[in-house]
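Spelled out from the first residue to the last, the chains are:
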Amino acid sequence: MSPGARAYYEKQRARGIEFNAALRQLANRLVGILHGCLKTGTMYDEATAWSDRGHVLAA
């Protein structure tokens, strides 16, 4: 799992969201990122994908 995805999932769990709901929210976020990549014709970039979430990404 990517650092950004892991941080997003952990944040959801810390908010008290149950396992399945947190995974579903993560999957929805990933689909949104994929849609953005396909729409703009850009390659996936970890830093760009999760930059709006304020997560600190490990290199």
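Just above, that's the structure.
By convention here, each chain's residues receive numbers from 1 onward along its written sequence. Restriction of local features to residues with pLDDT of at least 70 applies here, the model being predicted, together with a cutoff of 80 or more for giving and counting side-chain atom pairs; totals for whole chains, interfaces and linings are based on all residues. The side-chain values count all of the structure's non-hydrogen atoms but skip hydrogen atoms and water molecules.

Turning to helix H2 (residues 19-40), a few remarks are in order. Along an α-helix, a turn takes 3.6 residues, which lines up residues three or four apart on a common side. Strands are runs of DSSP state E lasting at least 2 residues, helices are runs of H or I lasting at least 4, and numbering of each runs from the N terminus. One less than the number of residues in a helix, times 1.5 Å, gives the span that helix is expected to have. A rise of 1.5 Å per residue sets the reference length of H2, with its 22 residues, at 32 Å; its end C-alpha atoms lie 32 Å apart and thus fit the reference within 8%. Listing the buried residues of H2 in full gives Ala21, Ala22, Leu26, Arg29, Ile33 and Cys37. Buried residues along H2 cover an arc of 160 degrees about the axis, so they all sit on one side. In H2, the exposed positions that point more than 90 degrees away from the buried face belong to Asn20, Asn28, Val31, Leu38 and Lys39. Once H2 finishes, Gly41 follows within two positions and takes phi at roughly 70 degrees, a positive value. Partly exposed residues are those whose accessible area sits between 20% and 50% of the maximum for their type, while under 20% is buried and over 50% is exposed, using a 1.4 Å probe and protein chains only. Starting at the helix axis, one direction is taken to each C-beta atom, and the arc is that of these directions.

This part is about the environment of Trp50. Structurally, Trp50 is set in helix H3 (residues 46-50). Residue Trp50 is classed as buried on the basis of its relative accessible area of 0%.

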